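# A look at the structure
Next come the chains, spelled out residue by residue.
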Amino acid sequence: QRRGSTVEFSTERLLKIGKQHNGTLNDVVMAMCGGALRSYLLELDALPKKSLVSQVPVSFRPKDDVGGGNAIGMILASLGTDETDTLTRFNKVKTSMSAGKALLGNMNAAQITAYSAIMTLPFALGQMTGTGNRSNRPMYNVVISNVPGPKETRYLNGAEAFSIHPVSFVMQGQALNITLFTYADKITFVFTACRESLPSIQRLVTHTTDALEALENTLVLTNKNTKKKPSTKKKKT
C-alpha cells in the first residue's frame, strides 16, 4: 500500500541557489530532500545520529551519444541530515555528490554497470527470493532520482500539459522513493511511501518548501556578508 504527496517549484529558484553556491541543480535538490527528511524525522522523534544516505541514479552517457538504451549508474550520497546548519548541510551534500561522480568518472561503462549492480545486489536478492529483505538491507536509506523532461510545453489533442507527477514504486524493505521531474520551467517532487512505515507523508511537502526557503535565506545572508563595507578612512585635504 502506497501513499503519495507532491509539490512543485520554479526550476529557476533552484538554479539560482546552485549558481550562488557553485553547485548543480542536483546538489540543491538533494539538500532540500535532506532538510525535509531531517525535519520530518525530528517530528517523529526518529532522527538517526548518522546522516541518511541516498542512492542516486546518474547518467553516464556522453552528450554526443545519440544511441538507444539506458546508460545509468548509481552513486551513494549523504543527505546531511545530521547537520543542523542549512549551508553546512548543502556543502556536505555537494561534496558527497561530487565524490560519487568522480568515482564513476574513473570507470568505463562496463565497470560502472558492474559497480551499480553490486551496490543493489543485497536488496535485489531479497526481492527475488521473497525474503522481504529482512536480512539483506540495502546500503542506502532512500532512492532519489531526478528525471529531466522536455523543456518545451507539450500538448495532448490541443490541451496543454501543465505539470507531470511521476509516481514511483516502493519495494519490500523500502519505505520511501523520491522522484523528481523537470518539465518546461517547473520541477516536481513526488514522495511515494509505504503507508504503514511513514505516517503523514504529506508533511514532507511543507518541510521541502521550508528547506527551499532556508536555502534562499542563506543567499540573502551571503550577499549581505560579501557587500563591501564603507571606507572609514578620511580623505586627505
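Here, every reference points to the structure presented above.
Here the structure is a predicted model, which is why all the values come from computation and not from measurement.

What follows covers the packing of aromatic side chains. Per the counting criterion, the structure on display carries one aromatic pair. Summarising the aromatic geometry, the rings of phenylalanine 9 and phenylalanine 189 are spaced 5.6 Å apart at their centres and angled 85° between planes, so their arrangement reads as edge-to-face. Taken together, the residues span a long stretch of sequence, with phenylalanine 9 in strand β1 (residues 2-10) and phenylalanine 189 in strand β8 (residues 186-194) at a distance of 180 residues. Phenylalanine 9 gets classed as buried once you look at its relative accessible area, which sits at 7%.

With that settled, the discussion passes to helix α2 (residues 25-43). Taking 1.5 Å of rise per residue, 19 residues should cover 27 Å, and α2 covers 27 Å from first to last C-alpha, within 8% of that figure. In terms of burial, α2 is a largely internal element, 15 of the 19 residues being buried. The positive-phi residue at the C-terminal boundary of α2 is aspartate 45, with phi of around 55°.

On the basis of which strands lie adjacent, the open sheet formed by six strands has the order β1-β8-β7-β4-β2-β3 and mixed pairing. Across the chains shown, the open sheet's two edge strands, defined by having one partner strand only, are β1 and β3 (72-78). In this sheet, neighbouring strand axes are inclined to one another by 20° on average, regardless of whether the strands run parallel or antiparallel. Of the pairings in the sheet, the one linking strand β2 (residues 53-59) to β3 comprises seven bridges and is antiparallel in character. Counted as the bridge partner of serine 59 is isoleucine 72 from β3.

Rules of the game
- Residues numbered from 1 in each chain as written.
- Predicted model: local features only at pLDDT ≥ 70, side-chain atom pairs only at ≥ 80, totals over all residues.
- Heavy atoms only, no water.
- Phe/Tyr/Trp six-rings, centres within 6.5 Å; stacked < 30°, edge-to-face > 60°.
- Helix = DSSP H or I, 4+ residues; strand = E, 2+ residues; numbered from the N terminus.
- Buried < 20%, exposed > 50% of the residue type's maximum accessible area, 1.4 Å probe, protein only.
- Expected span 1.5 Å × (residues − 1).
- Pairing = 2+ DSSP bridges.
- Axes fitted to C-alpha atoms, helices over the stretch in contact; angles between N-to-C directions.

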